Amino acid sequence: VKSVRLELGEVLLRPWQIGDEEALVKHGNNYRIWKNVRDRFPHPYTLEDARIWVQVANQDPTAINLAIVVQDEAVGAVGVVFKDDVYRRSAEIGYWLGESYWGKGITTRVVRMLTEYVLKHYDIYRMYAGVFEYNQASSRVLEKSGYHLEARLRQNVTKEEQTVDELMYVRLAE
């Protein structure tokens with residue numbers, strides 16, 4: 001996987017770098033973000049968690065992990081995990097954005113841009129994202145980014161000891 005850098009007006013997508021740690025803690029240490037992401041995203045999010053992430057984020061050969069940067073500050077993250085074996089033409093996208101940037105259309109632009117980049121530059125036919133059923137904002141982001149609800153996976157995810165449906169959104173290459 002090659003290094004990716006994409007500019008979207010005032011928003012930049014770039015690899016994580018030394019110096020992003022404090023911003024990562026500032027924006028990532030938020031219960032309202034954590035309740036909508038996988039448990040491997042720590043909460044509370046500490047400076048040590050940020051240091052580890054910045055060290056490993058760019059080393060995974062099966063993924064693209066990018067900082068969402070606004071005014072030279074990392075305010076969120078977006079990533080794509082490339083699948084293998086019989087799923088080798090599929091990739092999963094995930095993202096989060098600091099709460100102070102919610103409602104500005106940033107995530108929609110980021111998801112749309114990275115999806116289009118991956119579909120153009122890699123042998124990927126299917127991009128998908130799973131959303132916890134209660135996360136309506138993320139569903140809207142995906143719909144506005146050209147994804148369609150493909151399935152409701154009943155009682156598929158457990159967060160905070162509550163098992164809920166996962167909504168599977170998909171965008172296929174044209």
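These figures come from a predicted structure and were not determined experimentally.

Asker: Now, about the overall build of the protein: what can you tell me, with residues and values included?
Answerer: In terms of regular secondary structure, the protein is built from five helices and eight strands. The linear arrangement of helices and strands in the protein, starting from the amino end, is β-β-α-α-α-β-β-β-α-β-α-β-β. A compact globule built from 174 residues would reach a C-alpha radius of gyration of about 16 Å, and the protein, at 15 Å, matches this within 12%. Principal axes of the C-alpha set define a box for the protein whose edges measure 40 × 40 × 30 Å. Restricting to contacts in the protein with at least 6 residues of sequence separation, those with at least 24 account for 61%. Summing over all exposed atoms, the protein offers an accessible surface of approximately 9700 Å²; the carbon and sulfur share of this is 48%.

Asker: With reference to specific residues and values, describe the packing of aromatic side chains.
Answerer: One pass over the structure, following the stated rule, counts six aromatic pairs. Centre to centre, the rings of Y117 and Y122 are 6.4 Å apart; their planes meet at 65 degrees, and the pair counts as edge-to-face. Its relative accessible area of 13% is what places Y117 among the buried residues. Put simply, the rings of F41, Y45 and W96 touch in pairs and so form one group of aromatic residues.

Asker: I'd love a proper account of the pairing of strand β8 (residues 162-172), names of residues and values included.
Answerer: By the criterion of burial, β8 is predominantly enclosed, with eight of the 11 residues buried. Relative to β8, strand β6 (residues 126-132) runs antiparallel, the two being bridged by seven bridges. Bridging across to β8, Y128 finds its partner in V170. In this sheet, β8 lies alongside strand β7 (residues 148-159) in antiparallel orientation, the contact comprising eight bridges. For R152, the partnering residue across the bridge sits in β8 and is L167. A loop of two residues connects β7 with β8, the two strands running antiparallel in sequence, and E160 in this loop sits at a positive phi of about 50 degrees.

Asker: Lay out the packing of helix α1 (residues 21-28) against helix α3 (residues 47-56) in plain terms, naming residues and giving numbers.
Answerer: Relative to each other, α1 and α3 sit at 120 degrees, their axes nearing to 9 Å. Between α1 and α3, the angle is such that the two are oblique. The crossing of α1 and α3 is right-handed. For the pair formed by α1 and α3, the contact residues are E21, E22, L24 and V25 on the first element and L47, A50, R51, W53 and V54 on the second. Residues belonging to the contact of α1 with α3 are distributed by class as follows: six nonpolar, no polar and three charged.

Here is what the cut-offs are and how they apply
- Residues numbered from 1 in each chain as written.
- Predicted model: local features only at pLDDT ≥ 70, side-chain atom pairs only at ≥ 80, totals over all residues.
- Heavy atoms only, no water.
- Helix = DSSP H or I, 4+ residues; strand = E, 2+ residues; numbered from the N terminus.
- Rg over C-alpha atoms; globule rule 2.2 N^0.38 Å.
- Contact = heavy atoms within 4.5 Å.
- Areas by Shrake-Rupley, 256 points an atom, 1.4 Å probe, with all protein chains shown as cover.
- Phe/Tyr/Trp six-rings, centres within 6.5 Å; stacked < 30°, edge-to-face > 60°.
- Buried < 20%, exposed > 50% of the residue type's maximum accessible area, 1.4 Å probe, protein only.
- Pairing = 2+ DSSP bridges.
- Axes fitted to C-alpha atoms, helices over the stretch in contact; angles between N-to-C directions.
- Parallel < 35°, antiparallel > 145°, perpendicular 65-115°, else oblique.
- Left-handed = near helix turned anticlockwise from the far one by under 90°.
- Nonpolar A, V, L, I, M, F, W, Y, C, P; charged D, E, K, R; others polar.

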